[in-house]
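Single-letter residue listing:
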Amino acid sequence: MRNRIVQIIFIILIGLVSVKHSFAIEPAIVLSPKKVGPGDIMTVTVKNASGPVEGSFNGKHLYFNPAKNGYKAVVGIDLKTDPGTYPLNLTMDGRTLARNVVIARKKYPVQKLTLPEDMVVLSPENEARADREQRKMAAIWPLDSPRIWQGSFMDPLPGKTPGTPFGVRRIINNIPKNPHTGVDITAEEGEPVKAPNDGVAILVEEQFYSGNSVVLDHGQGIYTMFFHLSMVNVKYGQAVRKGDVIAFVGSTGRSTGAHLHWGVRVQEAKVDPLALIKLRLE
Ligand SMILES: [Zn+2]
């Protein structure tokens, strides 16, 4: 008899708990695209979150912005990331949600080039200059910057086809070099290059390897960079709007023909620019 009463109370309790749960809308995490690899960009959307969302991916801070049905963050996966499982941790409404994200193996093509030795071996002066510029470039990325970008990113050279893709592993004169961390877009000399989104020019300079170069800061750790330009249309520190002509295609620096080298960083991760313009952002 006593057992029977305990059983009934237990059933009522279970019933109460499930009624309560069916009324509360649970937050849902949606990752897009579903499968990602090194060099990709993904969005993390938290649907049905009633308050702001905070979070990190593999220990790195994520910037969540209000979006349709909840909050969305843009996450870069660096080209050099080892395939594996990485933790996504989110907090909202005083609760935490954890998820493991699989970074799948991704094969990038190998490009073998034979170049005259004098194009590969630098003079001591040029070597020193290239080193200096590399150090400067490594130090320009602000750790934390407010959001400037609005909506989806646009193609800086609409309608043009990419040549050498992002991530290609280069072997020059039988020596493996750094992988290609941008996309090369073939275009006519003088073709206008447009700002992919609102931003601020944080570097406008003529450099040994990249020639006339522009780097835009779009805020929240998103940067776009443009190399080998013939002419530059912006000044250091200048604010630009999406679609503004910031420069013109050229072949300055170490370049064998007119093209735009376009690079993207998302929270320090070197990622494929073509993945950035595929994102649907509010
Ligand atoms: Zn390039």
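Each value, and the rule that gives it
- Residues numbered from 1 in each chain as written.
- Predicted model: local features only at pLDDT ≥ 70, side-chain atom pairs only at ≥ 80, totals over all residues.
- Heavy atoms only, no water.
- Pairing = 2+ DSSP bridges.
- Helix = DSSP H or I, 4+ residues; strand = E, 2+ residues; numbered from the N terminus.
- Axes fitted to C-alpha atoms, helices over the stretch in contact; angles between N-to-C directions.
- 1 Å grid on protein atoms, 1.4 Å probe; cavity = no way out; pocket = protein on both sides within 12 Å on 5 of 7 lines; lining within 4 Å.
- Points joined across faces, edges and corners; volume = space filled by probe spheres on them.
- Nonpolar A, V, L, I, M, F, W, Y, C, P; charged D, E, K, R; others polar.
- Domains from an automatic or database assignment.

### Considering the sheet that holds strand S6 (residues 70-76)
Point 1. Judged by pairing direction, the sheet is antiparallel, and its 4 strands sit side by side in the order S1-S2-S6-S5 without closing on themselves. Sheet topology places strand S1 (28-32) and strand S5 (64-67) at the edges, where each strand pairs with a single neighbour. With strand direction ignored, the average angle separating the axes of adjacent strands in the sheet is 25°.

### Side note on the layout of surface pockets
Point 1. There is about 1,700 Å³ of room inside the largest pocket.
Point 2. In terms of lining, the largest pocket is formed by 42 residues, of which the most central are Arg170, Asn178, Pro179, His180 and Tyr209.
Point 3. Residue assignment for the lining of the largest pocket shows that the elements contributing at least two residues are strand S9 (110-113), helix H2 (117-120), helix H3 (124-138), strand S10 (169-172), strand S16 (222-229) and strand S20 (259-266).
Point 4. At 7 residues, H3 tops the list of elements feeding residues into the lining of the largest pocket.
Point 5. For the lining of the largest pocket, a count of residues per class yields 16 nonpolar, 15 polar and 11 charged.
Point 6. Both of domain 1 (2-103) and domain 2 (110-278) provide at least three residues apiece to the lining of the largest pocket.
Point 7. If you trace the second largest pocket, you find 19 residues lining it, with Ser32, Pro33, Thr43, Leu279 and Arg280 closest to the centre.

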